[in-house]
Amino acid sequence: MKRSVGFAALLLAGVLSASPGHAQSGIEKLYILNCGEGVAGDISRWSPGVNEGKSMDFVDNCYLIKHAQGWFLWDTGIPDAVAAMPEGLAPADPKAVTWRRPKTLAAQLEQIGVKPSDVKAMAVSHTHPDHIGNVEMFPTAVLYVQKAEYEWPGANNQPRFKKEHPVTLLEGDRDVFGDGSVTILSTPGHTPGHQSLLVKLPKTGEIVLSGDAVHFKSNWDNRGVPAINFSKDETLASMQKVADTLTKEKAQLWINHDKAQRDTLKMAPEFYD
Ligand SMILES: [Zn+2]
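Here goes a summary of the coordinates provided.

Conventions we followed
- Residues numbered from 1 in each chain as written.
- Predicted model: local features only at pLDDT ≥ 70, side-chain atom pairs only at ≥ 80, totals over all residues.
- Heavy atoms only, no water.
- Phe/Tyr/Trp six-rings, centres within 6.5 Å; stacked < 30°, edge-to-face > 60°.
- Helix = DSSP H or I, 4+ residues; strand = E, 2+ residues; numbered from the N terminus.
- Buried < 20%, exposed > 50% of the residue type's maximum accessible area, 1.4 Å probe, protein only.
- Lys NZ or Arg CZ within 6 Å of the ring centre and 35° of its normal.
- Donors = N, O, S within 2.8 Å, 3.2 Å for Na, K, Ca; no water.
- Tetrahedral: all angles 85-135°; square planar, octahedral: opposite > 155°, others 65-115°.
- Core = buried A, V, L, I, M, F, W, Y, C linked by side-chain atoms within 4.5 Å.
- Contact = heavy atoms within 4.5 Å.
- Pairing = 2+ DSSP bridges.
- Salt bridge = Lys/Arg side-chain N within 4 Å of Asp/Glu carboxyl O.
- Axes fitted to C-alpha atoms, helices over the stretch in contact; angles between N-to-C directions.

Quick notes on the packing of aromatic side chains
Enumeration over the complete set of coordinates arrives at nine aromatic pairs. Taken together, a centroid distance of 6.1 Å and an interplanar angle of 75 degrees make the contact between phenylalanine 72 and phenylalanine 177 edge-to-face. Highlighted residues: phenylalanine 72 in strand β3 (residues 70–74) and phenylalanine 177 in the loop between β8 (174–175) and β9 (182–186), separated in sequence by 105 residues. Classification of phenylalanine 177 as buried rests on a relative accessible area of 13%. Joined through ring pairs, the aromatic side chains of Trp46, Phe58, Trp99 and Phe216 make up one cluster. Here arginine 45 stacks its cationic end above the ring of tryptophan 46, 5.1 Å away from the centre of that ring. Cation over ring: lysine 266 sits above tyrosine 272, and NZ or CZ is 4.6 Å from the ring centre.

Some words on the coordination of the zinc ion
All of the protein donors around the zinc ion are Asp130 (OD), His131 (NE2), Asp212 (OD) and His257 (NE2); their distances to the metal are 2.1 to 2.2 Å. Bound by four donor atoms, the zinc ion shows angles of 88 to 169 degrees at the metal and therefore irregular coordination geometry. Motif for the zinc ion, donor spacing along one chain: D-H-x80-D-x44-H. Both residues of the pair, aspartate 130 and histidine 131, belong to the buried class.

Let's talk about the nonpolar core
Of all hydrophobic cores here, the largest spans 23 residues; its most connected members are Leu30, Phe72, Leu197, Leu209 and Trp254. Of all elements in the fold, only β1 (27–40), β2 (56–67), β3, β5 (119–123), β9, β10 (195–201) and β11 (205–209) reach the threshold of two or more residues within this core. Excluding residues within four positions of it along the chain, leucine 30 makes contact with Tyr63, Leu64, Ile65, Val199, Leu201, Leu209, Trp254, Phe271 and Tyr272. Ranked by size, the runner-up nonpolar core spans 22 residues in total, among them Ile112, Met122, Val124 and Ala141.

What to know about the pairing of β5
Extensive coverage of β5 is indicated by the burial of four of its five residues. Where β3 meets β5, four bridges bridge the pair, whose relative direction is parallel. Along β5, the bridge assignment pairs tryptophan 71 with valine 119. Pairing geometry for β5 and strand β6 (residues 142–146), over three bridges, is parallel. Across the sheet, residue alanine 123 finds its bridge partner in β6, namely tyrosine 144.

Remarks on the environment of glycine 211
Along the chain, glycine 211 falls in the loop between β11 and α5 (217–221). Note: C-alpha distance between glycine 211 and serine 125 (86 residues apart in sequence) is 5.1 Å. Beyond its immediate sequence surroundings of up to four residues, glycine 211 is in contact with Ser125, His194, Gln195 and Asn256.

Brief notes about the pattern of salt bridges
Enumeration according to the criterion identifies 12 salt bridges in this entry. Between glutamate 249 and lysine 200 there is a salt bridge, and its shortest N-O distance comes to 3.1 Å. Linking glutamate 249 in helix α6 (residues 232–249) with lysine 200 in strand β10, this pair joins segments that are 49 residues apart in sequence. Given the relative accessible area of 27%, lysine 200 is considered partly exposed. Of the charged contacts, one joins lysine 259 and aspartate 263 as a salt bridge, the two residues approaching to 2.9 Å between their closest N and O atoms. Taken together, the shared-partner salt bridges in this structure form one network comprising Lys200, Lys248 and Glu249.

Notes on the sheet that holds strand β7 (residues 167–170)
With respect to topology, seven strands assemble into an open sheet ordered β4-β1-β2-β3-β5-β6-β7, the strand pairing being mixed. What marks the edges here is a single partner per strand, and that holds for β4 (97–100) and β7. For this sheet, the mean inter-axis angle between neighbouring strands, taken without regard to orientation, is 25 degrees. Bridging between β2 and β3 involves five bridges; their strand directions are antiparallel. Counterpart to histidine 67 in the pairing with β3 is glycine 70.

Read these as spatial facts, not as claims about activity.
Written as structure tokens, this is what we have:
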């Protein structure tokens, strides 16, 4: 007991000796993983009245962050099982997205030398199937999720996650590692407990990962709210929160499903530091 107190005091002394205002950040790099590619049947589903009947290519990303305290995964994408379906996974609503999995999440982790058990913490933007498809590939990783999303009843009143999966339930924003490098932003509206992620990389700088607070750039520019969203008012308030964060942090906005933007970004095994 005495020994552990001594160790804690030593740690505290180390923290206090760091110069104030220049706290050491432990974030090292970020990988963008291909977590799905698809075709939307009718993109007016996401922007009512605009581009009716027009189809569009969609992408789906996951993001893996290396932090001194461990690996952190943001979103898990389309289930890896879809990789074995040559025609892809067709949606119930023909206006929605037919998803394919050109590469599995497991194969991409292996390529960069990360085992699923190395991922100690994870978060999903929300509980739609194109974001939670591989949560149980990481059964021991602590899942950061908004309480409102966790408790939102699924189809047939099913829970959104396995009861035994370790979780940290949030009610608002959360600085994941305590050094300001990775911050979950509560951005409800698309779903009751939707969230986005602010990342501060040493060289690349500040980035907001949208989740589905917005689906593609034209929708962001026009503040379009998909008809399927849980709350239009909350969606618009969350878009404003993201916009304010971009200004305050001088951050870039990386829109998860925007193919044109993803085509300009480096994919794993390349990374951003
Ligand atoms: Zn989505």
